[in-house]
Amino acid sequence: MSAPRVSFSDKDMENGGEGDRSRKWSQAPGNIEDLDEYTALQKYISTYKDPKAAEQAEGGDEEDAGGKPKKSWQFWKKDTAGPQNLTVPEEWLEADIKQGITNQQVEERRKKFGWNEIVTEKENLFLKFLGFFTGPVLYVMELAVLLAAGLRDWVDFGVIIGILLLNAFVGWYQEKQAADVVASLKGDIAMKAVVIRQGQEQDIKARELVPGDIVVIEEGQTVPSDCRLICDYDSPEDFAKYKEIREQHALNPEEDPAGSEEKEGDDDEEGVAHQGLPIVATDQSAITGESLAVDKFMGDMLYFTTGCKRGKCYAVVLTSAKFSFVGRTATLVQGAQDQGHFKAIMNNIGTSLLVLVMFFIVAAWIGGFYRHLHIATPEDSFNSLLYYVLILFIIGVPVGLPVVTTTTLAVGAAYLAKQQAIVQKLTAIESLAGVDILCSDKTGTLTANQLSIREPYVAEGEDVNWMMACAALASSHNIKSLDPIDKVTILTLKRYPKARDILKDDWKTEKFTPFDPVSKRITSICTLRGDRFTCAKGAPKAVLNLTECSPETANLFKEKATEFARRGFRSLGVAYQKNNEPWVLLGMLSMFDPPREDTAQTIIESQQLGVPVKMLTGDAIAIAKETCKMLALGTKVYNSHKLIGGGLSGSTQHDLVEKADGFAEVFPEHKYQVVEMLQQRGHLTAMTGDGVNDAPSLKKADCGIAVEGSSEAAQAA
């Protein structure tokens, strides 16, 4: 069936009759939320700008207004992390969703669990400065300073101490500048939360939450702590069902972040494995690496710092931030050792030279005793054993080496800063130069972490523009907070101007039914000039079952859906019904998180330089393999079970890691383990990433690289 005729023609457009109307979509006056549904939708498509690009354009105009720093002389003060193994009593989590907890309970719980925040202890600048006086070469130079002072050789004393101070100041100042830049990128926006306390909804800072608080989470907000989803905000009567489930101990207290995805069935499964319908959907890409939003049901975990993409619900706070999943990941970061390749080499050189110098000093002293030389007398004579020690210290150890290397690295850091790369540790420059394996996260690093629609499959005899228009009609039009799939569906209309023309007609939405796992589709009932259109978008099998198409069309549709699934694409079937006529199958949309524009070229250049790239992702193995094909990374991609639970150990496990092109369905500890195994095989390993799940491996790697737009945890690592 062809698309319905729109209410204006090309001739009308040329004559200006509908041309004026067309221009109003992007130039409509007033705020977008004040416009009618379809005018607002058209303006959104016309004026949408990538927020990342906007941040990049405005980034230089913002200054950090951070809080008061700790005084450099208060070196004895340390932030206490509090107890490490606190368990929240079950009775704390039983507050009523309408009453919440009292202010007295809040104070009592805060005394035990502290503030709901992950505090990164600021580095003491004085101690950091003293750190540049450590190392075998520097220790020898410091001994020479003391010796020169004791012998009253003020020339040597002044020269050596000047070199030591210059080396320390150049290194300290360069790393302080880098730390200031990173701090300015983090901003100072406090996370907010809506909490139920003493029977009232209150807006508070997220750091003020305590275990047992009842919070309200809705689309567009960030989850303020690890929470347990209770029920839909508009269905408080479901709280009784939640209490029944809780009393039956059917809630898993230690659910994996990807657990809900693992429990999902394919299109052939009937029924729902969870409690009821999905209440909200959250973006967990920063934690698990999944590129798609995850549906959350009654009793599911909502993780700290993830974003709510759909729905509104009540939830109970399970613990404070430092004991959350993200907080435990931060603890793993603190346990990683980061001495650095360059410092290890310098220490080896210094130790070797120190051993040689000590050997010659012992030999000189033995010879001096035979010649009856005194240790330090006479004072005005250079013919004493301590003077020979001072001479051998200065000759045997290159006193200029530290300041030359530090200055050279500082010049390199300044050059990289011009290329928009911030170096937090000077020694990372030399480590980067020696890297022979690069491990990389996928979502947000190799890819843009933005779903895109590839070339859609269109059923025979149907119009692609009408299919895209129907897909947009069967999407949420709440522009303020769109589901990621609905958002990409609507924005894809930029590539289909004729589909946009169809939507410019006098459409009215009578009823919109969001996605649910029973019907596995989204439906929207719209009217146009007296005709009633029911548009559907959802799982291919569910949409196909609505229609009465020919067996040939159905088989071709199923084959295409199977092909998309094999390649790791998210498929959505599209169909519509006009009035009481039969349903018409229009086609299928395939969605994928595409690689960044410059990723393929960067990987080619890296491989030409002899640095192979291994992809580590939390996404499904089919998606990982498809991304590897696009980037010419190879297809030897294994899941985390092959790495951890495949019965491999010792050298066999290390061989697998060396030969693999990547690993899928991995968690932070798996990425950490891959980097560690490569280092154990003698590889100088670099790691790139952007999320909380990448922080441990970024810290463990010889050279950690946090990409643009990365989380604070990744930048700190």
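Reading guide: rules and limits
For every chain, the first residue of the written sequence is number 1, and numbering continues from 1 onward in sequence order. Only residues with pLDDT of at least 70 are given local features in this predicted model, and only at 80 or more are side-chain atom pairs given and counted; all residues enter the totals for whole chains, interfaces and linings. Side-chain numbers here rest on the full set of heavy atoms in the structure, without hydrogens or water. By the criteria applied, helices consist of DSSP H or I runs no shorter than four residues and strands consist of E runs no shorter than two, each listed in order from the N terminus. The buried label goes to any residue with under 20% of its type's maximum accessible area, the exposed label to any with over 50%, and the partly exposed label to all in between, with areas taken from a 1.4 Å probe on protein chains only. Two residues form a contact once any of their heavy atoms are found within 4.5 Å. Only the protein chains shown count as cover for residues, and the accessible areas themselves come from Shrake-Rupley with a 1.4 Å probe. Note on definitions: angles span 0 to 180 degrees between N-to-C directions of axes, and those axes are lines fitted to C-alpha atoms, for helices only across the stretch in contact. Should an angle fall under 35 degrees it is taken as roughly parallel, and over 145 as roughly antiparallel, whereas 65 to 115 is taken as roughly perpendicular and any remaining angle as oblique. Patch criteria: residues need more than 30% relative accessible area and no salt bridge. Like-charged residues are merged within 9 Å; nonpolar side chains of Val, Leu, Ile, Met, Phe, Trp and Tyr are merged within 5 Å. Criterion for a salt bridge: a side-chain nitrogen of Lys or Arg within 4 Å of a carboxyl oxygen of Asp or Glu. Here, a strand pair is defined by DSSP locating no fewer than two bridges between the strands. UniProt positions are given in the numbering used here, feature names are shortened, and annotations may be inferred rather than shown by experiment. Here, nonpolar core refers to any group of buried Ala, Val, Leu, Ile, Met, Phe, Trp, Tyr and Cys residues whose side-chain atoms link them within 4.5 Å.

Counting secondary structure elements, the chain contains 29 helices and 22 strands. Expressed as a percentage of its 717 residues, the buried residues of the chain come to 45%. Taking the intrachain contacts of the chain between residues at least 6 apart in sequence as the baseline, contacts between residues at least 24 apart amount to 69%. Looking at the chain as shown, the accessible area adds up to about 36,000 Å², and 53% of this sits on carbon and sulfur atoms.

Running from N to C, helix α3 (residues 37-47) and helix α19 (residues 484-491) cross one another at 80 degrees; their axes reach a closest spacing of 10 Å. The angle between α3 and α19 falls in the class roughly perpendicular. Of α19, the residues touching α3 (which contributes Leu41, Tyr44 and Ile45) are Lys487, Ile490 and Leu491.

Here we come to a nonpolar patch on the surface. A cluster of nonpolar side chains, Phe126, Leu127 and Leu130, forms an exposed patch at the surface whose accessible area comes to about 260 Å². Along the chain, Phe126 turns up in helix α6 (residues 125-130). For Phe126, a relative accessible area of 41% gives the class partly exposed.

All right, on to the sheet that holds strand β8 (residues 307-310) then. Ordered in space as β6-β5-β8, the three strands form an open sheet in which the pairing is antiparallel. Edge positions in the sheet fall to β6 (294-296) and β8, since each of these pairs with one other strand and no more. Between one strand axis and the next, the sheet turns by 40 degrees as a mean value, whatever way the strands run.

The UniProt record annotates "transmembrane region" (unreviewed entry) at residues 125-148, 154-173, 353-373 and 385-416. Along residues 154-173, the helical share is 100% and the strand share 0%, with 28 Å between the first and last C-alpha atoms.

Further remarks concern the nonpolar core. In terms of nonpolar packing, the biggest core is built from 47 residues, with Ile214, Val215, Ile217, Cys227, Ile230, Leu302 and Tyr314 touching the most fellow members. Mapped onto this core, the elements with two or more residues apiece are α5 (103-113), β1 (192-197), β3 (214-218), β4 (227-232), α9 (239-247), β7 (301-302), β9 (312-317) and α12 (325-335). If one sorts the elements of this core by residue count, β9 sits on top with five residues. If we skip the residues at most four places from it in the chain, Leu302 touches Ile217, Val223, Ser225, Asp226, Cys227, Leu229, Val280, Thr282, Lys296, Cys313 and Ala315. Membership of the second largest hydrophobic core comes to 40 residues, among which are Ala471, Ile485, Leu493 and Cys526.

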